[in-house]
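Analysis of the macromolecular model
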There are 2 protein chains.
Amino acid sequence: MSANFQTPKWVHDAVFYQIFPDRFAKSALVEKPTHLEDWDAPPTPYGFKGGDLLGVTEHLDYLQDLGITAIYFTPIFQSASNHRYHTHDYFKVDPLLGGEKAFQTLLKEAHRRNIRIVLDGVFNHASRGFFQFNHILECGKQSPYLDWFKIHGFPLNAYEGKPRYECWWSIPALPTFNHANPQVRKFIMEVGRYWLEQGIDGWRLDVPFEVKEPGFWEEFRSVVKSVNPEAYITGEIPWDARPWLQGNQFDGVMNYLLTYSLWSFFGGEHLQEDLVGHWRSHGPEYFVKDAESFAQQITLLQNLYPLPAVQAQMNLLDSHDTARFLSLVNGRKEALRLAALVLFTYPGAPTIYYGDEIGMEGGKDPDCRRGFPWDTSRWDMDLRNYFKSLIMIRKSHPALRDGSWEILKAENQWLAYARKHENDYVVVLLNNSPQTNFLEVTLKEFSGEESLKNLLNGEMVKIEGNILRYKLAPYSGTILSQGQY
Amino acid sequence: MSANFQTPKWVHDAVFYQIFPDRFAKSALVEKPTHLEDWDAPPTPYGFKGGDLLGVTEHLDYLQDLGITAIYFTPIFQSASNHRYHTHDYFKVDPLLGGEKAFQTLLKEAHRRNIRIVLDGVFNHASRGFFQFNHILECGKQSPYLDWFKIHGFPLNAYEGKPRYECWWSIPALPTFNHANPQVRKFIMEVGRYWLEQGIDGWRLDVPFEVKEPGFWEEFRSVVKSVNPEAYITGEIPWDARPWLQGNQFDGVMNYLLTYSLWSFFGGEHLQEDLVGHWRSHGPEYFVKDAESFAQQITLLQNLYPLPAVQAQMNLLDSHDTARFLSLVNGRKEALRLAALVLFTYPGAPTIYYGDEIGMEGGKDPDCRRGFPWDTSRWDMDLRNYFKSLIMIRKSHPALRDGSWEILKAENQWLAYARKHENDYVVVLLNNSPQTNFLEVTLKEFSGEESLKNLLNGEMVKIEGNILRYKLAPYSGTILSQGQY
């Protein structure tokens with residue numbers, strides 16, 4: 001680990017909200033072309049619904065009310081795909097999203113509400129329309145940009161036949177950059193710098209493990225931190241991320257290893273394996289079914305990485321790349337609630353994939369990218385209030401953010417853990433079984449007739465000596481706390 | 001004609017220099033990719049030589065010394081073709097040219113020298129890499145930009161097979177905009193406005209006759225003039241341009257009808273018909289061989305258009321689209337000199353295609369786009385000095401710019417014409433025959449023992465009564481003037 005590994009304190013304290021820009025909200029102020037899909041129609045691989053950044057701006061009050069402190073946007077740069085991972089221009093905000101002007105408005109309004117903005121950087125590959133690749137496509141061997149990509153022959157067969165260039169996952173639409181070319185490297189570093197100078201608060205890096213050029217992400221980190229030492233760098237590493245979290249590359253990663261355990265443990269026998277699909281292979285040992293293994297894995301995960309990284313992880317239940325949690329667990333809200341309870345009481349920044357808080361469902365991509373229903377009659381209001389409570393609790397308790405971690409007990413599908421930071425002490429209890437359970441936990445910090453407060457309903461819970469006894473309904477959990485918080 | 005048709009006075013007085021940006025000059029300050037062609041190697045259809053805008057900036061002294069007051073650049077926007085007529089991004093200066101920064105430097109330095117900048121606007125078609133077209137290519141029927149182009153079916157067959165969309169001259173690389181779409185129209189108007197706001201002095205419009213949407217160019221004119229009433233609009237209309245020159249569309253056109261007469265009359269039996277090619281069909285009646293017809297056509301041409309347009313024409317010997325004049329006339333410098341003499345004494349702004357002044361040759365595109373040789377040992381210095389003299393003479397004589405036009409005599413391959421503006425009186429004499437000729441011309445303005453000054457060599461020429469007698473060597477000409485200029 002790098003001796004002076006520091007991660008931004010605001011990330012330790014952050015509650016992220018992940019937005020897929022085409023699907024969150026649509027403003028009447030952004031002029032749109034004609035052929036958009038209905039907002040509520042099932043998502044398709046190529047169709048656009050027309051969400052935009054002024055739409056997001058118009059709903060910042062909703063996010064602020066929910067308690068969100070940071071937004072991670074999947075890509076917003078000019079791109080000929082609805083998810084915008086096929087970057088056409090790294091220096092432009094997509095015109096469908098409202099362009100640069102809408103983005104600057106969003107940034108200003110978000111910052112005014114102390115909501116930070118993290119953008120998605122797709123630096124492994126570009127797209128067929130990206131200027132330097134299009135240049136080779138148009139000019140062939142005589143393009144001076146030949147060295148920007150990894151070309152094997154001509155014609156390139158970009159739109160028909162077998163492509164004669166390296167592309168990500170053999171997808172011809174995604175030609176892989178030649179990162180060994182210093183001009184490519186410089187270009188990407190300039191993109192990194194440019195948007196930070198425009199005021200963003202960090203980068204989420206797409207498939208960064210694909211970039212194997214020595215020193216690449218180290219240089220990226222130093223560029224980013226030179227513009228803003230408090231900027232956040234998180235990587236999409238869906239497996240053991242140790243190589244990237246030693247202090248010289250990323251601050252955190254999208255902590256999918258935690259996600260797998262949440263899916264598996266709370267999904268239990270209801271987990272939809274067809275929706276899990278290939279994700280299982282990224283960390284099979286995290287797919288655990290019993291409380292003991294769950295406790296072990298989510299503890300082990302914290303010890304895998306240096307503490308500054310653990311505190312700056314981007315923890316998530318799901319994302320635009322997975323089925324939604326609720327669908328993965330076959331619609332069982334109680335499982336979602338339990339998983340959220342862990343998410344919001346675990347070290348690292350919890351991230352809500354847009355709409356999870358109101359009970360949105362969705363299978364594999366593209367179904368997990370439905371339009372957010374702004375008709376509140378379609379919301380699960382109890383669920384939303386529950387998420388809001390969890391956020392408030394997390395924000396009120398430093399123990400939940402930067403506190404220590406101790407498994408108190410794990411057996412028979414129930415679990416208790418404690419988190420402590422200075423005077424702040426929190427106990428989390430979970431019953432992941434179909435039976436009502438009487439939990440009995442020894443709290444070695446206690447010795448007399450003390451009480452803990454149930455943070456979800458305000459009730460006081462007595463501790464007898466140092467024994468906490470608590471009755472939990474099937475598939476339920478709670479948070480107890482001592483102290484002034 | 002529009003009642004209040006005015007054209008920019010600076011254009012009447014201008015001497016244009018046309019630059020093909022990839023081929024004029026290359027600055028060490030603009031970082032280049034690796035695969036550039038040798039500067040002096042014969043041009044190829046797809047290769048790049050790496051000229052750039054800082055290269056132009058570094059040679060503004062050369063242009064200023066020559067007497068240039070305006071530069072017309074063939075396209076400079078981001079494009080995957082060496083001529084940059086395949087626009088990839090209308091809001092970006094091509095990175096190979098040094099990007100926006102180099103352009104701003106050029107603009108500032110040019111303006112400091114009172115040299116104006118006119119850019120090339122390609123608004124009939126875009127390119128396959130242009131965002132909204134690429135969007136359709138990538139997203140197919142589900143692209144919201146379907147109405148931006150004229151799509152007939154899918155797949156588009158953009159890179160293979162017969163294209164299923166309208167494109168210019170059936171070239172799949174050049175998809176034609178759907179100008180009937182108000183969003184396309186708005187987009188193009190925004191481009192027009194944007195670059196004027198950036199400080200350019202006018203637009204040269206590429207194949208504007210292809211855009212048949214009613215009111216399109218009228219709207220463009222009003223957008224342009226609203227930003228800068230003195231901005232120049234010239235169109236590439238290689239034939240009779242009356243419909244566009246009535247005061248509500250363009251200020252002038254690239255006056256190819258004059259060009260044809262210059263090629264034909266001065267080329268005479270040496271004119272290389274294979275290099276003329278299809279150009280002849282655009283105005284066959286302008287391809288004249290004798291002095292009487294030449295006098296008639298170049299006079300008729302002035303009467304074709306309203307005077308403000310005549311004074312704002314962009315007159316030219318050749319361009320990036322034609323063979324070079326010198327090659328068209330089989331290398332005969334005397335023909336080039338005579339044509340230049342007419343060019344610089346004719347109403348409308350003379351335009352020098354880069355390098356004509358030092359004797360560059362070149363056949364049809366791409367051969368007419370060679371790299372400018374900065375090694376002065378390769379220059380025809382006499383020719384350059386001759387061009388410089390003609391420029392100085394034109395700039396010193398308002399008669400040559402805004403003066404009247406009178407053919408004094410035309411017979412036996414020789415020609416005399418007079419131009420007059422207030423006190424300024426200029427007579428041009430040309431002998432386009434292989435014999436020495438004694439010209440005798442009646443100057444009805446004169447009546448006594450007066451003299452005219454030979455502006456090319458300073459000699460005084462006596463007029464006897466009102467008869468001017470002058471001996472001209474084979475294929476030569478001169479300019480005489482009375483008055484204080």
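Residues numbered from 1 in each chain as written. Chains lettered and ligands numbered in written order. Predicted model: local features only at pLDDT ≥ 70, side-chain atom pairs only at ≥ 80, totals over all residues. Heavy atoms only, no water.

In this section: the pairing of strand β6 (residues 202-205) of chain B. Residues and elements named next belong to chain B. Side chains of β6 alternate between two faces, with G202 and R204 and W203 and L205 buried alike. Relative to β6, strand β5 (residues 116-121) is paired through four bridges, and the arrangement is parallel. Considered in β6, the bridge of G121 is made with L205. Looking at chain direction, β6 and strand β7 (residues 232-235) are connected through four bridges and run parallel. Note that in β7 the partner of L205 across the bridge is G235. Crossover connection from β6 via helix α8 (residues 216-227) to parallel β7: handedness right-handed. (Buried < 20%, exposed > 50% of the residue type's maximum accessible area, 1.4 Å probe, protein only. Helix = DSSP H or I, 4+ residues; strand = E, 2+ residues; numbered from the N terminus. Pairing = 2+ DSSP bridges. Right-handed = clockwise from strand over helix to strand, strands pointing away.)

Next up on the list: α8 of chain B. In this model, α8 of chain B (12 residues) spans 17 Å end to end at C-alpha, consistent with the 16 Å of a helix rising 1.5 Å per residue. In this structure, the buried residues of α8 of chain B make contact with α7 (182-197), β6 and β7 of chain B. (Expected span 1.5 Å × (residues − 1). Contact = heavy atoms within 4.5 Å.)

Tracing the sequence through the fold places G153 of chain B in the loop between α6 (131-139) and α7. Among the residues examined, G153 of chain B registers a relative accessible area of 14% and is labelled buried.

Here we take up the pattern of salt bridges. Applying the stated criterion across every chain, the model contains 74 salt bridges over all chains. Measuring nitrogen to oxygen at the nearest pair gives 2.7 Å for the salt bridge that ties D89 of chain B to K92 of chain A. Here D89 of chain B, found in strand β4 (residues 87-93), pairs with K92 of chain A, found in strand β4 (residues 87-93), and the two come from separate chains. Each member of the pair, D89 of chain B as well as K92 of chain A, is classed as buried. The salt bridge involving R204 of chain A is made with E236 of chain A; its shortest N-O contact spans 3.5 Å. (Salt bridge = Lys/Arg side-chain N within 4 Å of Asp/Glu carboxyl O.)

Now for the relation of the copies chain B and chain A. The two chain copies are related to each other by a rotation about an axis together with a translation along it. Mapping chain B onto chain A is achieved by rotating through 180° and translating by 0.1 Å along the same axis, at an RMSD of 0.1 Å. In short, the pair behaves as if placed about a two-fold rotation axis. Scanning chain B for the C-alpha nearest the rotation axis identifies G129 of chain B, at a separation of 2.4 Å. Comparing interface residues between copies, 100% of those in chain B also sit at the interface in chain A, which points to an isologous, same-surface contact. (Least-squares fit on C-alpha atoms with pLDDT ≥ 70 in both.)

Residue and element names in this part refer to chain B. In the structure shown here, the tally under the stated rule is 115 aromatic pairs over all chains. The positively charged end of R128 is found above the aromatic ring belonging to Y159, 4.0 Å away from the centroid. Directly above the aromatic system of Y354 lies the positively charged group of R324, at a separation of 4.6 Å from the ring centroid. (Phe/Tyr/Trp six-rings, centres within 6.5 Å; stacked < 30°, edge-to-face > 60°. Lys NZ or Arg CZ within 6 Å of the ring centre and 35° of its normal.)

All names here are of chain A. For chain A, the assigned domains read domain 1 (9-124 + 177-396) and domain 2 (406-482). Inter-centroid distance (C-alpha atoms) of domain 1 to domain 2 is 31 Å. Each partner contributes to the interface: domain 1 provides 21 residues, whereas domain 2 provides 21 residues. The contact between domain 1 and domain 2 buries some 1,600 Å² in all, and 69% of this surface belongs to carbon and sulfur atoms. Three residues, L338, T345 and I393, lead the burial of domain 1 against domain 2; their summed loss comes to 30% of the area buried on that side. The tally of links from domain 1 across to domain 2 stands at zero salt bridges. Linking domain 1 with domain 2 are five residue pairs in polar contact (both at pLDDT 80 or more), by the criterion used here. Those elements that place two or more of their residues in the side of domain 1 that touches domain 2 are α9 (256-267), α11 (291-304), α14 (333-343) and α15 (381-396). In terms of residue count, the dominant contributor to the side of domain 1 that touches domain 2 is α11 (five residues). (Domains from an automatic or database assignment. Buried area = accessible area lost by both parts, 1.4 Å probe. Polar contact = N/O pair within 3.5 Å; in protein donor to acceptor, adjacent residues only side chain to side chain.)

Contacts between the two partners involve 44 residues from chain B, matched on the other side by 44 residues from chain A. The tally of links from chain B across to chain A stands at six salt bridges. Close ionic contact of K186 of chain A with E31 of chain B constitutes a salt bridge, the shortest N to O distance being 2.6 Å. One can count 24 residue pairs in polar contact (both at pLDDT 80 or more) joining chain B with chain A. Among the secondary structure elements, those contributing two or more residues to the side of chain B that touches chain A are β3 (77-79), β4, α6 and α7 of chain B. The leading source of residues in the side of chain B that touches chain A is α6 of chain B, at seven residues. Grouping the amino acids of the side of chain B that touches chain A by side-chain chemistry returns 17 nonpolar, 16 polar and 11 charged. (Nonpolar A, V, L, I, M, F, W, Y, C, P; charged D, E, K, R; others polar.)

This part takes up the side chain of N432 of chain B. Here N432 of chain B is to be found in the loop between β13 (424-431) and β14 (437-442). Apart from the residues lying within four places of it in its own chain, the contact partners of N432 of chain B are F265, F266, L338, Q413 and Y475 of chain B.

Residue and element names in this part refer to chain A. For α15, which comprises 16 residues, the first-to-last C-alpha distance of 22 Å matches the rise-based estimate of 22 Å (1.5 Å per residue) to within 8%. Listing the buried residues of α15 in full gives L383, R384, Y386, F387, L390, I391, I393 and R394. Contacts made by the buried residues of α15 are with α1 (9-12), α4 (60-66), α14, β10 (349-353), α16 (398-402) and β18 (476-482). At the N-terminal end of α15, a side-chain oxygen is found 3.1 Å from the backbone nitrogen of D382, two or three residues along, and the residue is D380.

Strands pair in a sheet through their backbones, by hydrogen bonds, and they do so in one of two ways: parallel or antiparallel. Residues and elements named next belong to chain A. Pairing within the open sheet is parallel, and its eight strands lie in the order β8-β7-β6-β5-β2-β1-β10-β9. Only two strands of the sheet have a single neighbouring strand rather than two, namely β8 (252-253) and β9 (314-316). Here strand β7 (residues 232-235) pairs with β8 via two bridges, running parallel. From the neighbouring strand, T234 faces β8, where its bridge partner is G252. With respect to the sheet, helix α8 (residues 216-227) is in contact with β6 (202-205) and β7, its orientation differing from that of β6 by roughly 160°. (Axes fitted to C-alpha atoms, helices over the stretch in contact; angles between N-to-C directions.)

The subject of this paragraph is the packing of α7 of chain B against α8 of chain B. Packed helices, taken two at a time, are described by the angle between their axes plus the distance between the axes. Residue and element names in this part refer to chain B. It is at 9 Å that the axes of α7 and α8 come closest, and there the two elements cross at 30°. It follows from the interaxial angle that α7 and α8 lie roughly parallel. Crossing of α7 against α8: the hand is right-handed. Judged by residue contacts, R185, I188, M189, G192, R193, L196 and E197 of α7 engage F216, E219, F220, V223, V224, S226 and V227 from α8. Along the lines of polarity and charge, the residues of the contact of α7 with α8 split into eight nonpolar, two polar and four charged. (Parallel < 35°, antiparallel > 145°, perpendicular 65-115°, else oblique. Left-handed = near helix turned anticlockwise from the far one by under 90°.)

Residue and element names in this part refer to chain B. With respect to the helices and strands, the residue F387 is situated in helix α15 (residues 381-396). Note on F387: relative accessible area 1%, which makes it buried. Sequence-wise, F387 and F187 are 200 residues apart; in three dimensions their C-alpha atoms are separated by 41 Å. If near-sequence neighbours (up to four positions away) are discounted, F387 is found in contact with L336, A340, F344, I352, D356 and E357.

Attention now moves to the sheet that holds strand β16 (residues 460-464) of chain A. All names here are of chain A. Spatial ordering of the open sheet is given by β11-β12-β13-β18-β15-β16-β17-β14, a layout of eight strands whose pairing is antiparallel. Strands at the two margins of the open sheet, each flanked by one partner only, are β11 (406-411) and β14 (437-442). Between one strand and the next, the sheet's axes are offset by a mean angle of 25°, whatever the strand orientation. Where β11 meets strand β12 (residues 414-421), five bridges bridge the pair, whose relative direction is antiparallel. Considered in β12, the bridge of I407 is made with Y417. Each of β11 and β12 touches α11; the most contacted strand, β11, lies at about 155° to it. The strands touched by α14 are β12, β13 (424-431) and β18; relative to β13, the strand with the most contacts, the crossing angle is about 155°.

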